[in-house]
Amino acid sequence: MPSATNENEVPREEIVDQEMADGEFEFEGEIDPNKIQILPGASEDGTAASFRILQEDHTLGNALRYMIMKNPDVEFCGYSIPHPSEAAMNLRIQTYGEISAIQALEKGLDDLMELCDHIEDEYRKTVEEGDYSTVEP
């Protein structure tokens, strides 16, 4: 039985195709095309969308939600794990209209990668300097 559709909904394929046509997808390395999926129900203008990210849990979910919410163009971002036995995370993003939900997701992922790189660099620098205590409390 076909599901009811809202007249404001745009098929997810059209949103992704438009974003790719605009040249806004620039990834490095190999990409699993099924890792991130856009769920049905995205807004017509692309400012609100839900995503399903496979093989991820609260570790990425909470950090990514935090980074996306730091973006002043984002109105709402939340995530959920549908079921503990399911290796997937759902993420909902709504923006004020200046950027699309896909752009907000991409910026959040980029910002999180930059943060992780910075933490790794500082950790390695501290280990190389050896300026830390080795005595356990």
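Residues numbered from 1 in each chain as written. Predicted model: local features only at pLDDT ≥ 70, side-chain atom pairs only at ≥ 80, totals over all residues. Heavy atoms only, no water.

Caption draft 1: Representation of the pairing of strand 4 (residues 88-95) within the structure. Extensive coverage of strand 4 is indicated by the burial of six of its eight residues. As paired elements, strand 2 (residues 48-54) and strand 4 share seven bridges and run antiparallel to each other. Bridge assignment links Ala 48 to a residue of strand 4, and that residue is Gln 94. Direction of pairing for strand 3 (residues 74-80) relative to strand 4: antiparallel, over a ladder of six bridges. Residue pairing across strands places Phe 76 opposite Gln 94, the latter belonging to strand 4. (Buried < 20%, exposed > 50% of the residue type's maximum accessible area, 1.4 Å probe, protein only. Helix = DSSP H or I, 4+ residues; strand = E, 2+ residues; numbered from the N terminus. Pairing = 2+ DSSP bridges.)

Caption draft 2: Geometry of the packing of helix 2 (residues 58-69) against helix 3 (residues 101-129). As a packed pair, helix 2 and helix 3 sit with axes 8 Å apart at the nearest point and diverge in direction by 110 degrees. One way to sum up the angle between helix 2 and helix 3 is to call them roughly perpendicular. Taken together, the residues of helix 3 that come into contact with helix 2 (itself represented by Leu 60, Ala 63, Leu 64, Met 67 and Ile 68) are Ala 104, Leu 105, Gly 108, Leu 109, Asp 111, Leu 112 and Leu 115. The residue inventory of the contact of helix 2 with helix 3, partitioned by class, reads 10 nonpolar, one polar and one charged. (Axes fitted to C-alpha atoms, helices over the stretch in contact; angles between N-to-C directions. Parallel < 35°, antiparallel > 145°, perpendicular 65-115°, else oblique. Contact = heavy atoms within 4.5 Å. Nonpolar A, V, L, I, M, F, W, Y, C, P; charged D, E, K, R; others polar.)

Caption draft 3: The arrangement of helix 3 in detail. Here helix 3 is 29 residues long and its end C-alpha atoms lie 42 Å apart, about the 42 Å a rise of 1.5 Å per residue gives. Within helix 3 the residues assigned to the buried category are Ala 101, Ile 102, Ala 104, Leu 105, Glu 106, Gly 108, Asp 111 and Leu 112. Once helix 3 ends, the next one or two residues include Gly 130, with phi positive near 70 degrees. (Expected span 1.5 Å × (residues − 1).)

Caption draft 4: Representation of the pattern of salt bridges within the structure. For the structure on display, the rule yields five salt bridges. Close ionic contact of Lys 107 with Asp 111 constitutes a salt bridge, the shortest N to O distance being 2.8 Å. Taken together, the residues Lys 107 and Asp 111, both in helix 3 and four residues apart, mark about one turn of the helix. (Salt bridge = Lys/Arg side-chain N within 4 Å of Asp/Glu carboxyl O.)

Caption draft 5: Looking closely at the sheet that holds strand 2. With antiparallel pairing, four strands are arranged side by side in an open sheet as 1-2-4-3. In the strand order of this sheet, the two ends are held by strand 1 (36-38) and strand 3, each with one partner. For this sheet, the mean angle separating the axes of adjacent strands, direction not counted, is 20 degrees. Helix 2 contacts strand 2, strand 3 and strand 4 of the sheet and is inclined by roughly 175 degrees relative to strand 3. Taken strand by strand, helix 3 contacts strand 1, strand 2, strand 3 and strand 4, and its axis lies near 115 degrees from that of strand 4.

Caption draft 6: Fine view of the nonpolar core. If you look at the biggest cluster of nonpolar residues, it comprises 20 residues, and the most contacted ones within it are Phe 51, Leu 64, Ile 68, Leu 91, Ile 93 and Leu 105. Contributing elements (two or more residues each) for this core: strand 2, helix 2, strand 3, strand 4 and helix 3. Top element by residues in this core is helix 3. It accounts for five residues. Not counting residues within four places of it along the chain, the set of residues in contact with Phe 51 comprises Ile 36, Gln 37, Ile 38, Leu 39, Met 89, Asn 90, Leu 91, Ile 93, Ala 101, Ile 102 and Leu 105. (Core = buried A, V, L, I, M, F, W, Y, C linked by side-chain atoms within 4.5 Å.)

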